[in-house]
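Here is how the chains run, residue by residue.
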Amino acid sequence: MSDVFRIATDRIDLRWMTSGAAKTVESAAGRLLVVPRRKGLEFREIFRAGVPAPAAADPEQEAGPVLFEQTSYKVVLKGAGGRRVRLDHDDPLVTHDFDASADDARFGVINFKGQIGRSRFRVYCDDELELEFEVEVFPSKLDYATDYYDLLSDTQEIVTGLAVEYLRATHRSGGTKPSTGMPTFVEWLTILRENIDTLQAGIQRITRQPLRTLEREPTRTRVERITRVDPAVRRSLRKSGSRKPKGWLEQMRSQPTLDTPEHRWLKGQLVAIGAGLLALRNIEEKQGQSVRREAVLRDLRSFEARIARMRQAEPIAAAAGPPPAGFASLQLMRLDGYREAYLACTRLAQVLHHDAEALHMSVKDIEVLYEYWCVLATIRAVSRCTGVPIPLADILQVKQRGLAVTLRQGHKRTVLFNETGRRSIAVTYAPRFSGPDYLIDQTPDLVVSVEEDGWPVIQVVLDAKYRLESGESYVKRYGSPGPPSDALNVLHRYRDAIIVEGEERQNAPRYKRVIVEAAALFPYRERAAGEFEASSLWRSLHRIGIGAIPLLPGGERYLEEWLRGLLNRGGWSVADLAIPHQLNEKAWAFQKAASEIVLVGSLRRKEAEQLAWTRGQRLYYTPMKNQPRLFNVRAVALYVRAGGGKPGTVRYWSDVEDIQVLPRHELATPWVSKQSPDEPQIVYRLRDLRDGLNIVNSEGDRMPAYRLSSRLALQRARTLRELALETEPEWRLTEALRAAGLPFTFAPESSKSEEIIRGRATFVVGDTRIRHRGGDRFQFEPPNEASRELRLEELVRLLMPSR
């Protein structure tokens, strides 16, 4: 462990340490401001890592070491001569896990997590405040002076409170500004916390030197003391009926009073503040318990008590009723005490802004700010790509529950860009994909959807990750710093897990993926323009639809380029980006193959002679018959008879280039034909006769002169009998029966039907006969029962009990 800084006085010794050497930032200086609070305090030692001597040892210097987010620091605090010591912070979580050693020293680990800014600590010795010191925490992945400032500025454009937290480990300078809207609770309480001392001091000064006014009211006065006749005296005389009254009469006299419009206004403000504190405390008390919330509740109760005491001050308690309508008073802004109280109250109606030095405010963790900023950057990028301007005030909404202020999430928080009547683009923050079809709910940070007339909705995922891997092995693998590998794996999960239930169609998958591409957004600025283009993180985004995009303020180029490439495509082009599963591609190929007719022909007695002629002439023929399917043959396969102890086999095949009808005498063959010379023949011109099939006649079936089948059967069949399974549903049934372990047989069906969509095989499962009857329906003929048509799924479920 090495010292980051050290503070030693005549009573305490504090060491702030880190593993390895203390880090520095070339573009910024750190901070260590030490403020003595005990009278007579003597400094014995001051040390600041990275600060040149003698400034490092000067207690009055503010320069110090640079501290970083997400970094653990070990802190040890000792008291001289066995004195009791304590390290304190406004955020109770900072020092919550500190322990005490046998000699009453205090030690623990401090990690600021994602908090950025200044942090002030208090050191107590024997319950007396010894000193305070302030450090500054820097972001490790951003430039503090520019990138972090821009993140904060842009996030506050929506609602200032969206960037603000209460009682956090760090703070930064801020101020207030007038606003047309109401401040959020977290802003209001932050402003109150910074101004309540000023408000209380103003009320105390008002109590010592209150502003009074004269109030005229009827007063009983001895007749001999009346020197002036006013309307009240005249009324009294009329009532007495005597011109020379004796005794008492009513007279209007001016009396000093504290019931002034100024005091009424201040009382109304204090009542409103007390009501606000009570409402906020009721909300916070209903939240889950935590160390930090207990500290918040202590603050709220303390503020309530202080406001109650201010209301009991004599000038405030004397005020009765509201101030006059349209009340304005120069006294409130001019007189001592009144001016301070007035300004403190009016600030509570304003909103926070970060570009000032008037007060301390805590902001959200840097990873939350980065996520919010990425949402804004994406919306702006889509707006620039589409040319559709959208005011920020209209596109994002926030929600607040007590002191928690967040962006609203879900499908209802969608920013819609209507380009034309036939195309719209939507940006949705944190949509939730859930339901009975999801084992685990999926909530990506951001989804950009493109809806085009006639096409399903095209969706891409963006996931903001305020994490950066820049190690040597990582850069060597990906060609650039980037997000952690687990963040890239999450993108694959989103693409596979987010699905929709499609319309029910024959042999179509019930569920379908909807995410076309997914990218991780990460905080990185390339060192040279275009450098990131060579990385696999960028290239894979275009190649397989999964990758990463560097994104920082002023560095939105890659995000816009990617979005423009997506948004400027039509439905066909985007569909080309989707990566299909190889099973889907194979299933589609099988469906196509089922529609192509194949002729499986036999060779004559002199097989070798006919095979040589067929290969040389690239021709195969068969007598013409009244069978239209013969004129739609797309491939020819040749059957070789059994011999040499081997069974007959369909062995050779070729695609058909052309089909003609010729008389037999126009076909010059080495063998003499027994047919009439004029008998028409269907002649198939072959592309290239190849040896490669191995469809065995294992059952010893008789092979006719030819038989028609399908290319699907030619690709899938392993036995001659399986060539009868021409259609895709028949193969689906075959696979289902085999997978279920159900014994079955099938035989070619004698049928003159020319419909390729109907089956030509009869399945026998036990005593039940099954025939394909088109589409995904089968004729089910159980013994002793009426036959009926069933869909494939129903058929398999029905057969399962017999397993």
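Refer to the structure presented above.
Residues numbered from 1 in each chain as written. Predicted model: local features only at pLDDT ≥ 70, side-chain atom pairs only at ≥ 80, totals over all residues. Heavy atoms only, no water.

Caption draft 1: Representation of the pattern of salt bridges in the model. One pass over the structure, following the stated rule, counts 61 salt bridges. For R339, the salt bridge identified is with D336, shortest N-O distance 2.9 Å. The class of D336 is partly exposed, set by a relative accessible area of 36%. For R557, the salt bridge is made with E533, and the minimal N-O distance between the two is 2.0 Å. Of this pair, R557 sits in helix α13 (residues 557-567) while E533 sits in the loop between β27 (515-522) and α12 (536-543), and the two are 24 residues apart along the sequence. For R557, a relative accessible area of 37% puts it in the partly exposed group. Note on E533: relative accessible area 34%, which makes it partly exposed. (Salt bridge = Lys/Arg side-chain N within 4 Å of Asp/Glu carboxyl O. Buried < 20%, exposed > 50% of the residue type's maximum accessible area, 1.4 Å probe, protein only. Helix = DSSP H or I, 4+ residues; strand = E, 2+ residues; numbered from the N terminus.)

Caption draft 2: Structural detail: the packing of helix α2 (residues 185-208) against helix α5 (residues 291-311). The interhelical angle for the contact between α2 and α5, taken along N-to-C directions, is 30°, at an axis separation of 11 Å. Relative to α5, α2 is oriented roughly parallel. The element α2 and its partner α5 pack so that their crossing is left-handed. Taken together, the residues of α5 that come into contact with α2 (itself represented by L189, L192, R193, I196, D197, L199, Q200 and I203) are D299, L300, F303, R306, I307 and M310. Considered class by class, the residues forming the contact of α2 with α5 number nine nonpolar, one polar and four charged. (Axes fitted to C-alpha atoms, helices over the stretch in contact; angles between N-to-C directions. Parallel < 35°, antiparallel > 145°, perpendicular 65-115°, else oblique. Left-handed = near helix turned anticlockwise from the far one by under 90°. Contact = heavy atoms within 4.5 Å. Nonpolar A, V, L, I, M, F, W, Y, C, P; charged D, E, K, R; others polar.)

Caption draft 3: Structural context of the packing of aromatic side chains. Within the structure shown, the criterion is met by 24 aromatic pairs. Arranged with centres 6.5 Å apart and planes meeting at 75°, the rings of F112 and F121 form a pair that is edge-to-face. The class of F112 is buried, set by a relative accessible area of 1%. Exposure remark for F121: the relative accessible area of 0% places this residue in the buried category. Centre to centre, the rings of Y370 and Y466 are 5.8 Å apart; their planes meet at 55°, and the pair counts as tilted. Taken together, the residues Y370 in helix α9 (residues 366-386) and Y466 in the loop between β24 (458-464) and α10 (472-478) connect sequence positions 96 residues apart. For the pair Y370 and Y466, a shared accessibility class is recorded, and that class is buried. Through a chain of ring-to-ring contacts, three or more aromatic side chains come together here, namely F5, W16, Y73, F112, F121 and F133. The lysine or arginine in question, R86, covers the ring of Y124, its NZ or CZ lying 4.2 Å from the ring centre. Between the NZ or CZ atom of R557 and the centre of the ring of Y558, over which it lies, the distance is 4.4 Å. (Phe/Tyr/Trp six-rings, centres within 6.5 Å; stacked < 30°, edge-to-face > 60°. Lys NZ or Arg CZ within 6 Å of the ring centre and 35° of its normal.)

Caption draft 4: Geometry of helix α8 (residues 338-347). Those residues of α8 that fall on the buried side of the exposure criterion are Y338, A341, A344 and C345. An end-on view of α8 places all buried positions within 135° of arc, on one side of the element. On the buried face of α8, the contacting elements are α2, α4 (261-285) and α7 (330-334). (Arc of directions from axis to C-beta.)

Caption draft 5: Region of the structure containing the sheet that holds strand β1 (residues 2-9). The antiparallel open sheet is built from six strands, whose spatial order is β4-β1-β2-β7-β10-β9. Only two strands of the sheet have a single neighbouring strand rather than two, namely β4 (43-48) and β9 (99-100). Where β1 lies against strand β2 (residues 12-18), six bridges are found, and the strand directions are antiparallel. The residue bridging I7 from the neighbouring strand is L14, located in β2. (Pairing = 2+ DSSP bridges.)

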